[in-house]
Amino acid sequence: MTKDNFANQQRMRPQPDDGLGPTSDIGSRLRALYGAVQEEGVPDQLLDLLEKLDNAERDQAGQTSQSGD
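Residues numbered from 1 in each chain as written. Predicted model: local features only at pLDDT ≥ 70, side-chain atom pairs only at ≥ 80, totals over all residues. Heavy atoms only, no water.

Undergrad: Just checking my understanding: could you explain the overall build of the protein chain for this structure?
TA: Looking only at helices and strands, the protein chain features three helices and zero strands. Within the protein chain, the fraction of its 69 residues that count as buried is 3%. Accessible surface computed for the protein chain: about 6700 Å², of which carbon and sulfur atoms make up 54%. (Helix = DSSP H or I, 4+ residues; strand = E, 2+ residues; numbered from the N terminus. Buried < 20%, exposed > 50% of the residue type's maximum accessible area, 1.4 Å probe, protein only. Areas by Shrake-Rupley, 256 points an atom, 1.4 Å probe, with all protein chains shown as cover.)

Undergrad: Help me understand the pattern of salt bridges in this model?
TA: When the charged atoms of two side chains with opposite charge come close together, those side chains can pair. Applying the stated criterion to the full structure yields one salt bridge. Measuring nitrogen to oxygen at the nearest pair gives 3.1 Å for the salt bridge that ties Arg29 to Asp25. Here the residue Arg29 and the residue Asp25 both occupy positions in helix 2 (residues 25–39), the gap between them amounting to four residues, near one helical turn. (Salt bridge = Lys/Arg side-chain N within 4 Å of Asp/Glu carboxyl O.)

Undergrad: I keep staring at a nonpolar patch on the surface and nothing clicks. Help me out?
TA: A contiguous nonpolar surface patch, about 530 Å² in accessible area, is contributed by Val42, Leu46, Leu47, Leu49, Leu50 and Leu53. By the element assignment, Leu49 lies in helix 3 (residues 44–67). Residue Leu49 is classed as exposed on the basis of its relative accessible area, which comes to 54%. (Patch = residues over 30% accessible without salt bridge, like charges linked within 9 Å, V, L, I, M, F, W, Y side chains within 5 Å.)

Undergrad: Would you explain a negative patch on the surface in this entry?
TA: A contiguous patch of negative charge on the surface is contributed by Asp44, Asp48, Glu51, Asp54 and Glu57. The residue Glu57 is located in helix 3 in this model. Residue classification places Glu57 among the partly exposed positions, given a relative accessible area of 46%. (Lys, Arg positive; Asp, Glu negative; His and termini not counted. Charge placed at Lys NZ, Arg CZ, Asp CG, Glu CD.)

Take it as geometry only, folks, not as evidence of what the structure does.
And the structure:
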């Protein structure tokens, strides 16, 4: 038996169902949970904090470029 034939037989052999596949109950529940998390909005407090961080980084970059001139 050649390597190719052996590899093909290994691929065609049915894998045991461990219950963790994408169509399992666990997979379905995980997809539902992930979908619910995706649909949640970003809290305003987090958006404000990110905006402050962006402004601080911009200010720091401006100060660095001015002192380097």
